[in-house]
Amino acid sequence: AAVVPTARMGVERRGSRGVGRGGGREACLARDGVGTADARASVATGHRRARHARAAASSGEDASPAATSDRPFRFCIDRGGTFTDVYAEVPGPTPGAPPSHRTLKLLSEDPANYESAPREGIRRVLEEVTGKKIPRDGPVPTDQIEWIRMGTTVATNALLERQGARTALVTTAGFKDLLAIGNQARPNIFDLKIEKPGALYETTVEVDERVRVLPKDVFGDEYLNDDPRVTTDTATGERALVETPLDLDALRPKLQKLKDEGVEALAVVLLHSYVYPDHEKQIGTLASELGFEQVSLSSQLVPMVRAVPRGHTACVDAYLTPKTREYLRVFLAGFDDGLRDVKVSFMQSDGGLTPADRFTGYKAILSGPAGGVVGYAVTTSEVYAAEDAETNGDDDGGSIQKNKIQKPPPCIGFDMGGTSTDVSRYHGVFEQVTETETAGVVIQAPQLDITTVAAGGGSRLAFKSGTFRVGPESVGSQPGPVCYRKGGAFLSVTDANVLLGRVQPGYFPKIFGPDENEPLDLEATRRAFERETELINAELAEISRFNGDAPPAPLTPEEIALGYLKVADEAMCRPIRQITESKGYETSAHVLAAFGGAGPQHACAVARALGIKKVFVHRFCGILSAYGMGLADVVVEAQRPFAGALCAGTFSSGREAETEEANELTLTRAADVAKTLAATLVADLQSQGFDQETEVETETLLNLRYDGTDTAMMISEPPDGDYVAAFKERFTREYGFDLVDRDLRIDDVRVRGIGAAELLRRAPMDGEGDAETKETPPEPDSVARVYFDDGWRDTPIFLIETLRPQCVVRGPAVIMNGTATVLVEPACVATLTRFGDLRVDVDVDV
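Residues numbered from 1 in each chain as written. Predicted model: local features only at pLDDT ≥ 70, side-chain atom pairs only at ≥ 80, totals over all residues. Heavy atoms only, no water.

A separate point is the pairing of strand β9 (residues 210-214). Looking along a regular strand, one sees the side chains alternate between the two faces of the sheet. Here β9 lies mainly inside the structure; 4 of its 5 residues are buried. Here β9 runs beside strand β11 (residues 239-244); their pairing, made up of 5 bridges, is antiparallel. Following the sheet pairing, R212 is matched in β11 by L241. (Buried < 20%, exposed > 50% of the residue type's maximum accessible area, 1.4 Å probe, protein only. Helix = DSSP H or I, 4+ residues; strand = E, 2+ residues; numbered from the N terminus. Pairing = 2+ DSSP bridges.)

Below, the structure written as structure tokens:
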């Protein structure tokens, strides 16, 4: 866990002045001319201009020296379940020199040596760079730190292990079992022994209150028109009947009893509170007066219809927020008083940063993986776009058109770790979902669309019923794979890579064995595979005899190891097809962005299986989740329920104008709601120090569904403003059909506010590549034997710091890039970019 400086790769700062989508005031969604083509075109132009400006900035063109600062240290940290990764921007080696950087990986839990891994990482970097001794048991100085950005799996682990705060549920009388019953979904319909995960709340308090919504299209305007219990002061403007007023006097002793029994948090979920939130607010005020540590109101967190997921979300927030606050308290307590002058932000599940004091439980589930998505999305797509723009010449001579910005290709994020693999998709926007299930709990909140499969470097290998199986069981970190010298008894994907020479013990840190000073154990791995080979060959022979067939040719240990790797590769291909083909996208048209500890080892094989021709491996692929936090923006969101219809069917003869006018009025009402929400978000970002004109953008989304269905989709404002066409196009692409002549319902209006934060800016590597660099094969550091489909092959091993930009490495080859091992398979060609990344072309004629 030493501080690892990486040579020859500088990082320049990107200034905080950015271009907002549509510009500050236009971005507030003041849609005065909702139906006019000019207004829609203006908004679309603003969106495109912003994206292109940010792409050019991140590509590193025309980089200027970084501005000097009396706080030259910046930290990006990903606190994972096993390891904590640190990327730090530090002062250059000489005064006035561009900033340099340090990378660091250390155990997330090591109570014998430190209390907080992220804080220990910061201490080590400061001590190594400044040369000043900083005691572990003393406060860490902050006078030279500008900002700290973090992602953490603390909330996720607490949810999985059910180690959150003591929580109680407050709900409408008669519905205490609502969340326990759930939606009756049965993932394994034929399972005779269903084990449901435990509830997050330990008890339920029923409160006397009842509200009913009176939709106009159901009840009309005359129903209960004179009833004083009916109110129109609701979130959607619909009429609501307060059938039973809230009885706070009866509730007070019940809550006081919970407080006396040690309950720390309350989740408040009342029926129809998304329309009429007053009762929940009153309960929240009472609970705060009684001293509960956390009170989560479903109407504030997720003001959406569907009480079950809304209730689960409130429970998750109440259950996890005290845990995240305690984690923050421990982390922040180890710094000196100057920390109040340091910007401390945390990554949220939606891919945006938020100040530490606003970091809450239900938005922290994907805090760690979200950083990796931002990292590959910002760098991969923009590097390809910038380099394509530079190489696309004009018709009469191939001169560079520097002002031509190509549309970035779609990317697939392939994050392969020790126990699982996360995949996601990016094509200009971060793909999000509004409802997910984690640890048996449905969470209704904006999250990046990340799909996980239980296949990683530590996945266990097993031969069952005549077939190779990989996972879902993991060998864990203790004792770990056989090659770890910790007494591991089960083979893993890592062992297979070691046996086949794809992971070279001589280039791997010597941190194994009882004294943690030995290399990976190749011989123990070989002996384990030889035993596995004997068992598999015997079982295959027995199967052949039983079937009356001739005995098969015996397999070798290498063939068996390769077979396991192919099964693992296919297991990781399935979720990639799920996020592409199942949604109507061509998988082969994407770039595969490989990162994580094991992703670059399998990237070429996975790409080949999917028909993908381009692979991208970031310079910091092993710590990309940490690095991505330095590329993220601050994000705030607001949402409000809405009741409105859009006619999407065939207009009746003579009623076209009337129908279009009705649609226009509905969209105008939605735009007014969006403008109100956007104004609140812009004011919020301004209070955090962002300039409205140059650093703030907003984006409007409508939650649409076909009338009579339960399949809603959150649709971002299209360039031409035609939400109906955008919804129908996406619905048809994902489901393969369209509901013709069916009206649309607008359930919610959501606005996303973005504060363009001061980001890390990538600077080119030292030295420039030329035509000779491309044609001259680089000298390898060594040559090793690596096993492929056609057997053992002598394979050169390169150290990335010895390669020059634009040099070409033809497969087979192994490239050690400092944070991961990159396997370039036969018929693949890797090119080192000027930023130190690798672009790999798959299945080329070499």
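Glancing now at the side chain of T451. With respect to the helices and strands, T451 occurs in strand β22 (residues 451-453). When sequence neighbours within four positions are dropped, the list of residues in contact with T451 reads T421, D422, V423, P575, Q578 and I579. (Contact = heavy atoms within 4.5 Å.)

Here D422 shows up in strand β17 (residues 421-426). A distance of 2.6 Å separates polar atoms of two side chains, one belonging to D422 and the other to T452. Excluding residues that lie within four positions of it along the chain, D422 makes contacts with P369, G413, F414, D415, I450, T451 and T452. (Polar contact = N/O pair within 3.5 Å; in protein donor to acceptor, adjacent residues only side chain to side chain.)

Spanning 26 residues, helix α12 (residues 522-547) covers 37 Å between terminal C-alpha atoms, matching the ideal 38 Å at 1.5 Å per step. Residues of α12 that are buried include every one of A524, T525, A528, F529, E532, T533, I536, N537, A541 and S544, and no others. Looking at the buried side of α12, the elements it contacts are β23 (459-464), β24 (467-474), α11 (493-499) and α13 (557-580). Where α12 begins, the capping side chain belongs to D521, and its oxygen is found 3.3 Å from the backbone nitrogen of E523. At the C-terminal side of α12, G548 shows a positive phi close to 75 degrees. (Expected span 1.5 Å × (residues − 1).)

All right, on to the nonpolar core then. F75, I122, I148, F414, L592 and I815 are the most contacted members of the largest nonpolar core, which totals 170 residues. Membership of the second largest hydrophobic core comes to 18 residues, among which are V205, V263, L266 and L286. (Core = buried A, V, L, I, M, F, W, Y, C linked by side-chain atoms within 4.5 Å.)

For the chain, per-residue confidence averages 82 on the pLDDT scale, and residues scoring 70 or more make up 85% of the total. Within the chain, no element has a lower average pLDDT than strand β1 (residues 4-5), which sits at 32, and none a higher one than strand β7 (residues 167-172), at 96. Under a pLDDT of 50 for its full length, residues 1-68 has, in the predicted model, 166 contacts with residues more than four places off or in other chains. Predicted confidence for residues 393-405 stays below pLDDT 50, and this span has 12 contacts to residues more than four positions away or in other chains. (pLDDT = per-residue confidence, 0-100.)

Residue P472 is bonded to the preceding G471 through a cis peptide linkage, with omega at 0 degrees. In this structure, P812 follows G811 across a cis peptide bond, with omega equal to 5 degrees. Examined against the element boundaries, P812 turns out to sit in the loop between β34 (808-810) and β35 (813-816). Its identity is not glycine, yet H272 carries a phi of approximately 65 degrees, on the positive side. With respect to the helices and strands, H272 occurs in the loop between β12 (265-269) and α7 (278-290). One non-glycine residue with positive phi stands out, namely A827, at about 70 degrees. Structurally, A827 is set in the loop between β36 (821-824) and β37 (828-832).

Where strand β32 (residues 782-788) lies against strand β33 (residues 791-799), 7 bridges are found, and the strand directions are antiparallel. Across the sheet, the residue bridging to A784 is T795, located in β33. Once β32 ends, the chain turns through 2 residues before running back antiparallel as β33. Sheet topology places β33 next to β35; 3 bridges connect them, and they run parallel. Note on β35: the bridge partner recorded for L799 is M816.

It is worth spelling out the environment of S465 at this point. Relative to the helices and strands, S465 resides in the loop between β23 and β24. For S465, a relative accessible area of 66% corresponds to the exposed category. The sequence separation of S465 and E539 amounts to 74 residues, and the corresponding C-alpha distance is 8.9 Å.

Counting buried positions over the 12 residues of helix α14 (residues 599-610) gives 10, a clear majority of the element. Buried within α14 we find G599, P600, Q601, H602, A603, C604, A605, V606, A607 and L610. G611 lies just past α14 and shows a positive phi near 80 degrees.

A few words now on the packing of helix α3 (residues 154-161) against helix α9 (residues 307-333). It is at 9 Å that the axes of α3 and α9 come closest, and there the two elements cross at 135 degrees. With respect to α9, the element α3 is oriented oblique. Of the two elements, α3 crosses α9, and the hand of that crossing is right-handed. On α9, the residues touching V154, A155, A158 and L159 of α3 are Y319, L320, K323, T324 and Y327. (Axes fitted to C-alpha atoms, helices over the stretch in contact; angles between N-to-C directions. Parallel < 35°, antiparallel > 145°, perpendicular 65-115°, else oblique. Left-handed = near helix turned anticlockwise from the far one by under 90°.)

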